[in-house]
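# Topology and contacts: notes
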Protein chains: 2
Amino acid sequence: MGTDARELVHRLQDLLRGVRLIKQRRAEERPVIPLGLVGILSQLDGLADGCHARELALHARLDPSTVSRAVATLVAHGLVERRPDPTDRRAQVLALTPDGRTALTDAHDWYARLLDRALAGWTADEVTALGAGLRRFTRDLEVALENHENLEAAR
Amino acid sequence: MGTDARELVHRLQDLLRGVRLIKQRRAEERPVIPLGLVGILSQLDGLADGCHARELALHARLDPSTVSRAVATLVAHGLVERRPDPTDRRAQVLALTPDGRTALTDAHDWYARLLDRALAGWTADEVTALGAGLRRFTRDLEVALENHENLEAAR
DNA sequence: GGCAAACTTGCCTGCTGGGCAAGTTTTGTA
DNA sequence: TACAAAACTTGCCCAGCAGGCAAGTTTGCC
């Protein structure tokens, strides 16, 4: 299956180029949310009760200091708020502010509109299939990366 | 179709995280080819007769100065050679050296091995379908981005 | 009480791009 | 023939996105 994996490497290379171009386009809009922080906001979006910085860092696979700084930026922009966690005074509950929710919706709308245009000639089933394939691939990739770590450690 | 596009945004976010982790892993190997230059080398790989820097920049959607510097790095590493183009003395033909070809094969092998592990539970058809979906998506995305540019220009 | 967790911030680094400017040589066209 | 554009390079500088280490404080757990 090496040929297929190799082909997929090329497909990913192409995709990354496309993503780079997307980001350039988006940057021209001067968005409220710094491009690199949309992911963090997205993660918070799904959590009605907010979460701790530790969980953000774990999920995003980012260094805690990186997350701490990202959160500080988002708090400074009024997009995220820190609330005391009565069950663990060392930590704070991070949650989207209404402004943050608005900004995130705007960002997602922008990206979705662009993707809508890209997918204009696709059927709903085709789009769903691509999404499902990517979901599965990403999950399997993370498993492979975990195993890669374990293989390296065993060397 | 907004929901699907929005879902795809999330899928891409996840994928980018995976790619980031891949790159980290790869960086630990201290590869001969700087990570960011694999794409340039890959592009040269498909060209038996080499090409000009202009073509690299066009295809990679990178600024000419960026490409010029990338090429300079690759030449310094002995991975790319510059040959005079007798048909256009302003330009040079850039081509992979044997060392470059070896380094590129190593890089692709590394990535392909990782992807092989990720795809261990996939059928060949499933892999091919994902590759085809990505190819189509990337192409349609670039078209959408072009149109996005035209839309902005018309505003 | 001691140690670890949770977090923050300072300091610094590296990578991956971009942009502008300036310069030289070559090519194409009027 | 003259001129403008193409092709490219390099200096200078910038921005964004991460990482890492260290140090510090507070809190939680055993």
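On a predicted model such as this, the values are computed, not experimentally measured, just so you know. (Residues numbered from 1 in each chain as written. Chains lettered and ligands numbered in written order. Predicted model: local features only at pLDDT ≥ 70, side-chain atom pairs only at ≥ 80, totals over all residues. Heavy atoms only, no water.)

Around DNA strand C sit 22 residues, and of these Arg 54, Ser 68 and Arg 82 of chain A together with Gly 36 and Arg 89 of chain B come closest. Among atoms of DNA strand C positioned within 4 Å of the protein, sugar and phosphate together represent 73%. Contact distances for DNA strand C include 3.5 Å between a phosphate oxygen and a side-chain N or O atom of Arg 20 of chain A. In the environment of DNA strand C, a phosphate oxygen lies 2.9 Å from a nitrogen or oxygen atom belonging to the side chain of Thr 66 of chain B. Those elements that provide at least two residues to the surface near DNA strand C are helix H1 (2–28), helix H3 (53–60) and helix H4 (64–76) of chain A together with helix H4 (64–76) of chain B. (Near = heavy atom within 4 Å. Polar contact = N/O pair within 3.5 Å; in protein donor to acceptor, adjacent residues only side chain to side chain. Helix = DSSP H or I, 4+ residues; strand = E, 2+ residues; numbered from the N terminus.)

Two chain copies here: they are related by a rotation about an axis and a translation along the same axis. The operation relating chain A to chain B is a screw motion whose rotation component is 180°, with 0.0 Å of axial translation and a residual RMSD of 0.0 Å. Taken together, the rotation and translation relating the two chain copies correspond to the operation of a two-fold axis. Distance from the rotation axis, computed per C-alpha, reaches its smallest value in chain A at Leu 130 of chain A: 3.4 Å. (Least-squares fit on C-alpha atoms with pLDDT ≥ 70 in both.)

Here we take up the interface of chain A and chain B. Each partner contributes residues to the interface: chain A has 66 residues there, and chain B has 65 residues. Between chain A and chain B the total buried area reaches about 6,500 Å² when both faces are included, carbon and sulfur atoms providing 66% of it. Between the two partners, chain A and chain B, sit eight salt bridges. Ionic pairing is found between Glu 142 of chain A and Arg 17 of chain B, a salt bridge with its closest N-O pair at 3.1 Å. (Contact = heavy atoms within 4.5 Å. Buried area = accessible area lost by both parts, 1.4 Å probe. Salt bridge = Lys/Arg side-chain N within 4 Å of Asp/Glu carboxyl O.)

This part is about the side chain of Thr 97 of chain B. Residues and elements named next belong to chain B. Structurally, the position occupied by Thr 97 is in the loop between strand E2 (92–96) and helix H5 (98–118). From its side chain, Thr 97 meets the backbone nitrogen of Gly 100 in a polar contact 2.9 Å long. Non-local contacts of Thr 97, meaning those with residues more than four positions away in its chain, are made with Gly 78, Leu 79, Val 80 and Glu 81.

With respect to spatial proximity, 22 residues lie near DNA strand D, and among them Gly 36 and Arg 89 of chain A together with Arg 54, Ser 68 and Arg 82 of chain B are the closest. Sugar and phosphate atoms constitute 72% of the interface atoms of DNA strand D, taking the interface as everything within 4 Å of the protein. Backbone polar atom of Arg 61 of chain A to a phosphate oxygen of DNA strand D: 3.5 Å apart, as the coordinates give it. Elements supplying a minimum of two residues to the surface near DNA strand D: H4 of chain A together with helix H1 (2–28), helix H3 (53–60) and H4 of chain B.

Here, the residues flagged by UniProt with the feature "domain: HTH marR-type" (unreviewed entry) are residues 5–139 of chain A. As a span, residues 5–139 of chain A carries 67% helix and 7% strand, and end to end its C-alpha atoms are 16 Å apart. (UniProt positions renumbered as here; feature names shortened; annotations may be inferred.)

Further remarks concern the packing of aromatic side chains. Using the criterion set out here, one finds two aromatic pairs over all chains in the structure. Here Trp 110 of chain B and Tyr 111 of chain B contribute two aromatic rings whose centre-to-centre distance is 5.2 Å and whose plane-to-plane angle is 90°, an arrangement assigned as edge-to-face. Using a relative accessible area of 6% as the deciding quantity, one classes Trp 110 of chain B as buried. Directly above the aromatic system of Trp 122 of chain B lies the positively charged group of Arg 136 of chain A, at a separation of 4.2 Å from the ring centroid. Over the ring of Tyr 111 of chain B we find Arg 26 of chain B; its NZ or CZ atom is 5.9 Å from the centre of that ring. (Phe/Tyr/Trp six-rings, centres within 6.5 Å; stacked < 30°, edge-to-face > 60°. Buried < 20%, exposed > 50% of the residue type's maximum accessible area, 1.4 Å probe, protein only. Lys NZ or Arg CZ within 6 Å of the ring centre and 35° of its normal.)

The side chains of a regular strand alternate between both faces of the sheet. Residue and element names in this part refer to chain B. Where burial is concerned, most of E2 is hidden: four out of the five residues are buried. In this sheet, E2 lies alongside strand E1 (residues 80–84) in antiparallel orientation, the contact comprising five bridges. The residue bridging Pro 84 from the neighbouring strand is Gln 92, located in E2. (Pairing = 2+ DSSP bridges.)

Take the nonpolar core next. One finds Ile 33, Leu 115 and Phe 137 of chain A together with Ile 33, Leu 115 and Phe 137 of chain B to be the most contacted residues of the largest nonpolar core, which totals 86 residues. When residues no more than four places from it in sequence are discounted, the contact partners of Leu 115 of chain B are Ala 5, Leu 8, Val 9, Leu 12, Phe 137 and Leu 141 of chain A. (Core = buried A, V, L, I, M, F, W, Y, C linked by side-chain atoms within 4.5 Å.)

Domain parsing of chain A yields domain 1 (1–30) and domain 2 (36–97). Just the C-alpha atoms count here: the centres of domain 1 of chain A and domain 2 of chain A sit 28 Å apart. (Domains from an automatic or database assignment.)

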